[in-house]
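# Residue-level structural notes
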Amino acid sequence: MRQDRPRWTTRAAVLLPSPSATPFTFWYLALLLVTTILQRAVGESVSAKLLAGASTDAHNLWHRPIASLISSALWIDDGGWLVYVLIFALAVAPLERRIGAGWTFAVFASGHVLATLATELPVMIALQHGWLPAADARWLDIGVSYGFFATAGALVPILGKRARVAAVLLIELLIVVIYLTDEPGSLLSIVTVAGHAIAAHIGMLGWLPWLRRRGLVGTLRFRPPHRAAAEDGVRPDAPLAGSAAR
């Protein structure tokens, strides 16, 4: 006789990104896995050239802004893919289940693009006026953290009131930890922490009116998957009714 799966495996299955329930999260992680493997396959010297060309530093933004904004979001630190699987499962996938893949991409892109421009444009102006050394035009700036912080920020209003406060504190604490562990006091570290803070608040505040108009504020409460399915009459990983792109 078949036995039901343990409850923890059911919960894990609901949380993990999947190509059907959370296509943006799933396929984006798959793309990041491909580029991570590529970094290791081509060797350090070739990998360094690829990352330098993809960086959203002042030099690349001046000469090829669109290409660098897109390509910089395709690469992460060589050893960090599994960490991103965890944080995407905790922040990006739950948002996607609520608002759909297209809108999740829009939230992610808004954080990545706007936070990058908000932090790099002042650097470009300072370089043009000679206030910064020319070397600051070519620092390495790649990754998906701005987009992630925007999606994590947009998830905050969707949470219940109690979880909302804890989530805000956690996001702000994480930004501080990133700053303290990344050469605190250096210009690059200051620019990066500012970008993370801007991206998080783009999600929390910039997308709040949109979430409120769709009745999504305060709708995500933590319940056991089997209970949520029984009460809502839907699969635990299904998006809310009316939450598709409109």
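See the structure above.
Residues numbered from 1 in each chain as written. Predicted model: local features only at pLDDT ≥ 70, side-chain atom pairs only at ≥ 80, totals over all residues. Heavy atoms only, no water.

## Some thoughts on helix 6 (residues 81-99)
To keep things clear, this is the line we draw: Note that the bend at a residue is defined as the angle between axes fitted to the seven residues ending at it and the seven residues starting at it. Here a helix means four or more residues in a row that DSSP labels H or I, a strand means two or more in a row labelled E, and each is numbered from the N terminus. Relative accessible area decides the class of each residue, using a 1.4 Å probe on protein chains only: under 20% of the type maximum gives buried, over 50% gives exposed, and in between gives partly exposed.
The sharpest bend along helix 6 measures roughly 50° and falls at Phe 88. Within helix 6, the full set of buried residues consists of Tyr 84, Phe 88, Ala 89, Ala 91, Val 92, Ala 93, Pro 94, Leu 95, Glu 96, Arg 97, Arg 98 and Ile 99.

## Describing the nonpolar core
Heads up, the condition is: In plain words, nonpolar cores are sets of buried Ala, Val, Leu, Ile, Met, Phe, Trp, Tyr and Cys residues tied together by side-chain atoms within 4.5 Å. Any pair of residues with heavy atoms lying within 4.5 Å of one another is described as a contacting pair.
Judged by nonpolar contacts, the single largest core of 39 residues is most densely connected at Tyr 28, Phe 88 and Val 144. If you list the elements that add at least two residues to this core, you get helix 2 (23-42), helix 6, helix 7 (101-128), helix 8 (145-158), helix 9 (161-180), helix 10 (187-206) and helix 11 (208-213). If we skip the residues at most four places from it in the chain, Phe 88 touches Thr 25, Tyr 28, Leu 29, Ala 93, Pro 94, Phe 108 and Val 144. Counting 9 residues, the second largest nonpolar core, distinct from the first, contains Ala 58, Leu 61, Leu 69 and Val 191.

## Observations concerning a nonpolar patch on the surface
Put simply, the rule reads: What makes a patch is a set of residues exposed beyond 30% relative accessible area and free of salt bridges, joined within 9 Å when like-charged and within 5 Å when nonpolar (Val, Leu, Ile, Met, Phe, Trp, Tyr). Here, Shrake-Rupley sampling with a 1.4 Å probe gives the accessible areas, and only protein chains in the shown set may cover a residue. Salt bridge criterion: a side-chain nitrogen from Lys or Arg within 4 Å of a carboxyl oxygen from Asp or Glu.
Taken together, the side chains of Leu 38, Val 46 and Leu 50 present a nonpolar region at the surface, about 210 Å² in accessible area. Residue position: Leu 50 is located in helix 3 (residues 44-54).

## As for the packing of helix 8 against helix 10
Note the following rule: Note on geometry: axes are C-alpha line fits, over the in-contact stretch for helices, and angles between N-to-C directions span 0 to 180 degrees. Helix crossings fall into two classes, left-handed where the near helix is turned counterclockwise from the far one by less than a right angle and right-handed where it is turned clockwise.
Relative orientation of the contacting elements helix 8 and helix 10 amounts to 35°, with a least axis distance of 6 Å. Crossing of helix 8 against helix 10: the hand is right-handed. Taking contact as the criterion, the partners of Ser 145, Tyr 146, Phe 149, Ala 150, Gly 153, Ala 154, Val 156 and Pro 157 in helix 8 are, on helix 10, Val 191, Thr 192, Gly 195, His 196, Ala 199, Ala 200, Gly 203 and Met 204.

## Describing the environment of Ala 152
Along the chain, Ala 152 turns up in helix 8. Residues Ala 152 and Ile 87, 65 residues apart in the sequence, show an inter-C-alpha distance of 9.2 Å. In this structure Ala 152 touches Ala 91 and Ile 171, once residues within four positions along its chain are discounted.

## A closer look at the packing of helix 8 against helix 9
Threshold: For this classification, under 35 degrees means roughly parallel, over 145 means roughly antiparallel, 65 to 115 means roughly perpendicular, and everything else is oblique.
Running from amino to carboxyl end, helix 8 crosses helix 9 at an angle of 160°, the nearest separation of the two axes being 8 Å. Between helix 8 and helix 9, the interaxial angle falls into the category roughly antiparallel. Read as a crossing pair, helix 8 and helix 9 show a hand that is left-handed. Here Phe 149, Ala 152, Gly 153, Val 156 and Pro 157 of helix 8 come into contact with helix 9, specifically with Arg 164, Ala 167, Val 168, Ile 171, Leu 174, Ile 175 and Ile 178.

## Considering the side chain of Thr 116
Short version of the rule: Counting of polar contacts relies on pairs of N or O atoms within 3.5 Å, with two restrictions inside protein: one atom must be capable of donating a hydrogen and the other of accepting it, and residues adjacent in sequence are counted only when both atoms are side-chain atoms.
Topologically, Thr 116 is positioned in helix 7. A polar contact of 2.5 Å, which involves the side chain of Thr 116, links it to the backbone oxygen of His 112. Ignoring any residue separated from it by four or fewer positions in sequence, one finds Thr 116 in contact with Thr 56, Leu 61, Leu 69, Gly 111, Leu 121 and Tyr 146.

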